[in-house]
Amino acid sequence: MLKIIKYFLLDILNNKVVLGLSLFFFIVSMSLLYLDENQNKAILSLMNIIFIVVPLISMFFSANYYWNSYEFKEILLCLPLKREKIILSEFIAVSLSISLSILVGLGVPCLIFGAETNIYYLILLAVILNISCVALSMWMVILTKDKSRGLGLVLLMWFYLTMLFDVLLISIMMNFSDYPLEKIVLVLASLNPIDLCRISMMLQLDISALMGYTGALYKEYFSGSGGSILSLSILMLWIIIPVYLFVKKFGQKDI
Amino acid sequence: MIEISNLHKAFQKLKALDGIDLNWNKGEVIALIGPNGSGKTTLLKCLLGLVFPNSGDIRLDKSSIINSYQYRERIGYMSQISRFPDQLKVVELQEILTDIRKKNNAQLDLDLFHAFKIELYKDKSLKTLSGGTRQKVNAAFAFMFDPEILILDEPTAGLDPISVEIFKEKIKSIPINKKYLIITSHILSDLEEITTRINYLQDGKVKFDLSMDQLIQKTGQNKLSKAIAQFLSSN
């Protein structure tokens, strides 16, 4: 399996998208850290950008790469290799290469500026979110039959996760504000990995407002150190479940 | 022995395979023929595990190949359309395949690489090669690991006449009695020198399954195309 991961990785690193991504993250974090005197504020702005851009990039890139490497997969599928291994290798290679660009692009400026630990937590969350989004998007792409439908579904998913979900959640909270919503909101929040990341980051920063759309409303529900562990473990589920689903689906798919 | 029993496959409403029963023995050169859309490629893809049949079974030496993968080390496949990863060079793909597939100290069969002079463009990326050249590369890869089961889907389509001759010579030179050879083609004259058995598919069903000798005997025709035409019209 290592061999297959290696060839997928070489293929991805070859087309220089990863380099561009690293550069993008580098410029964004460099300029924010440089411009803002208050590092906490810089982290906040960075968080808001990252939690919208990272899902878009990982989802779009992995969906696109699935089709770009289709011929390569066809060749691999004719070899004595397990199907599950092939698709898992692709998943690992894609998520590894985007994670690498996040680590380099965000990590290097932080090291230069000697940032505080909060920002490293943000990087960790960005990496986890990226892996989860790659898994989700590969599942969408394998579910659909052709490239355009797959990409459409992936973009819809991104739109839902970053915007629609928040709108739905806020409207629920507004309309049912007379009822005790704590438990329900806890469950609802775990239905969106991006919100989970935001909550987790917010708890880390220990500041309430300025958190995007739903963020501010969450503070009162998630308090204590248990909240952070809980959100991280639910994030893990957001990786494991989509991976299980797409591996199973790919195992039965006609090529 | 490859046993295909009651194989069904439908793509939405289209029945690509509609109850295929065939037994192929070692040492046979099977020509799989039939009109466009008769299910030849789907059948071969089922054999490769690229397409999953809705029902029925394919067994290789008594064990089912559905949901198995190990058996593919015995197969060399030349696909109908030579689609390769764009960025790779010929030599890179060769290295990848060798790395993944080669068994310790097994000899690689590079005859076709030499015969088709693939060394000349081994450093070119696969994207820039012409269709026919890609088909040559495809053929060379199929034979490279000296597989026991050779599946050739339209191997001669797109090849120039000289290359077709080289290709046929290669097929004749392999020790048939230790191999399974399954070829589909529309160019019947390419097949008649090498094949021993004809399987004619139509609308996902086996129309007839005869050895070359039987077919010639029944129709009294020497040419494969005429023999098939006559057999089909008389039945």
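Numbers given to residues run from 1 along each chain, matching the order in which its sequence is written. To label them, take the chains in the order written and letter them from A, then take the ligands in the order written and number them from 1. Given that this is a predicted model, residues contribute local features only at a pLDDT of at least 70 and side-chain atom pairs are listed and counted only at 80 or more, while totals for whole chains, interfaces and linings are drawn from all residues.

### Quick word on the overall build of chain A
- What chain A contains, in helices and strands, is 11 helices and zero strands.
- Numbered from the N terminus, helices here are DSSP runs of H or I no shorter than four residues, and strands are runs of E no shorter than two. Element order for chain A, N to C, with α for helix and β for strand: α-α-α-α-α-α-α-α-α-α-α.
- Computation of the radius of gyration draws on C-alpha atoms, with the globule rule given as 2.2 Å multiplied by the number of residues to the power 0.38. Taking 2.2 N^0.38 as the reference for a compact globule, 255 residues should give roughly 18 Å; the C-alpha atoms of chain A span a radius of gyration of 19 Å, in line with that estimate.
- Looking at chain A alone, contacts between residues at least 24 apart form 79% of all its contacts between residues at least 6 apart. Placing C-beta atoms from the backbone, we regard two residues as in contact once those atoms come within 7 Å.

### A few points about the sheet that holds strand β1 (residues 2-11) of chain B
All names here are of chain B.
- Taken in spatial order, the four strands make up an open sheet running β2-β1-β4-β5, and their pairing is antiparallel. A strand with exactly one partner marks an edge of an open sheet, and here the two such strands are β2 (14-24) and β5 (63-64).
- Note on pairing: two strands pair once DSSP finds at least 2 bridges between them. Here two bridges tie strand β4 (residues 55-60) to β5, and the two strands are oriented antiparallel to one another. Within the sheet, the bridge partner assigned to R59 lies in β5 and is S64.
- Of the strands in this sheet, β1, β2 and β4 touch helix α1 (residues 40-48), which is tilted by about 65 degrees from β2. In this analysis, axes come from line fits to C-alpha atoms, helices being fitted only over the stretch in contact, and the angle between any two N-to-C directions falls in the range 0 to 180 degrees.

### Observations concerning the nonpolar core
- Remark: nonpolar core denotes a set of buried Ala, Val, Leu, Ile, Met, Phe, Trp, Tyr and Cys residues whose joining runs through C-beta atoms within 7 Å. Working definition of burial: number of other C-beta atoms within 10 Å of the residue's own, with buried at 20 or more, exposed at 12 or fewer, and partly exposed in between, all C-beta atoms being placed from the backbone. Core analysis: the biggest nonpolar cluster contains 131 residues, and L122(A), A135(A), A140(B) and I151(B) have the highest contact counts within it.
- The dominant element in this core, judged by the number of residues it contributes, is helix α6 (residues 117-143) of chain A, at 17 residues.
- Not counting chain neighbours up to four residues away, the residues in contact with A140(B) comprise L112(B), F113(B), F116(B) and I118(B).

### A closer look at the environment of L106(A)
All names here are of chain A.
- Within the secondary structure, L106 is located in helix α5 (residues 83-113).
- L106 sits in the buried class, given 27 other C-beta atoms within 10 Å.
- Spatially, the C-alpha atoms of L106 and I119 are 9.0 Å apart, while their sequence positions differ by 13 residues.
- Not counting residues up to four positions away in its chain, the partners in contact with L106 are F25, S29, I123 and A126.

### Brief notes about the pairing of β2(B)
Residues and elements named next belong to chain B.
- Across eight bridges, β1 lies against β2 in antiparallel orientation. Residue pairing across strands places F11 opposite L14, the latter belonging to β2.
- The turn linking β1 back onto β2 is made up of two residues, and Q12 within it adopts a positive phi angle of 50 degrees.

### Description of the interface of chain B and chain A
- Each partner contributes residues to the interface: chain B has 17 residues there, and chain A has 18 residues.
- Looking at the side of chain B that touches chain A element by element, the count peaks at four residues for helix α2 (residues 90-101) of chain B.
- Taken together, the residues of the side of chain B that touches chain A sort by class into 10 nonpolar, two polar and five charged. In the scheme used here, Gly and all other residues not listed as nonpolar or charged are polar, with Ala, Val, Leu, Ile, Met, Phe, Trp, Tyr, Cys and Pro taken as nonpolar and Asp, Glu, Lys and Arg as charged.

### A look at unusual backbone geometry
All names here are of chain B.
- Here Q12, not a glycine, exhibits a phi torsion of approximately 50 degrees, which is positive.
- Turning to its location among the elements, Q12 is positioned in the loop between β1 and β2.
- In this structure Q12 comes out as exposed when scored by C-beta crowding, with 5 C-beta atoms within 10 Å.
- We note that K62 has phi near 75 degrees; this positive angle belongs to a residue other than glycine.
- For K62, a count of 7 C-beta atoms within 10 Å puts it in the exposed group.

### Considering the pairing of β4(B)
- Where β1(B) and β4(B) come together, five bridges link them in antiparallel fashion. Directly across from E3(B), in β4(B), lies its bridge partner R59(B).

### Description of the environment of Y70(A)
- Within the secondary structure, Y70(A) sits in helix α4 (residues 70-77).
- A C-alpha to C-alpha distance of 13 Å links Y70(A) and K253(A), two positions 183 residues apart in sequence.

### Here's the deal with the confidence of the model for chain B
- When pLDDT is averaged along chain B, the result is 89, and 100% of the positions lie at 70 or above.
- If you check the scores for this complex, the pTM reads 0.91 and the ipTM reads 0.90. Per-residue confidence from the predictor is reported as pLDDT, which spans 0 to 100.

### Considering the sheet that holds strand β8 (residues 180-184) of chain B
All names here are of chain B.
- The mixed open sheet is built from six strands, whose spatial order is β6-β7-β8-β3-β9-β10. Where the open sheet ends on each side, the last strands, each with one partner, are β6 (75-78) and β10 (205-211). On average, each strand axis in the sheet is inclined to that of its neighbour by 15 degrees, with strand direction left out of account.
- Two elements, strand β3 (residues 29-33) and β8, share four bridges in a ladder whose sense is parallel.

### Regarding α1(B)
Residues and elements named next belong to chain B.
- Within α1, nine of the nine residues are buried, which leaves it mostly tucked inside the rest of the structure.
- Among the residues making up α1, those that are buried are K40, T41, T42, L43, L44, K45, C46, L47 and L48.
- Immediately beyond the C-terminal end of α1, within one or two residues, lies G49, with a positive phi of roughly 80 degrees.

### Re the packing of helix α7 (residues 212-219) of chain B against helix α8 (residues 224-234) of chain B
Residue and element names in this part refer to chain B.
- Running from N to C, α7 and α8 cross one another at 65 degrees; their axes reach a closest spacing of 9 Å. Between α7 and α8, the angle falls in the class roughly perpendicular. Of the two possible hands of crossing, α7 and α8 adopt the one that is left-handed. Between α7 and α8, the contacting residues are L215, I216, K218 and T219 on the first element and A227, Q230 and F231 on the second. For this classification, under 35 degrees means roughly parallel, over 145 means roughly antiparallel, 65 to 115 means roughly perpendicular, and everything else is oblique. Each crossing gets its handedness from the near helix: less than a right angle anticlockwise from the far helix is left-handed, clockwise is right-handed.

### Details of the packing of helix α2 (residues 17-35) of chain A against α5(A)
Residues and elements named next belong to chain A.
- Closest axis-to-axis distance for the α2/α5 pair is 8 Å, and the angle between their directions is 30 degrees. Here α2 lies roughly parallel to α5, going by the angle between them. Along this stretch, α2 crosses α5, giving a crossing that reads as right-handed. Across the interface between the two elements, V18, L21, S22, L23, F24, F25, F26, S29, M30 and L33 from α2 touch S97, I98, L100, S101, I102, V104, G105, L106, V108, P109 and F113 from α5.
- Looking at the contact of α2 with α5, its residues break down into 16 nonpolar, five polar and no charged.

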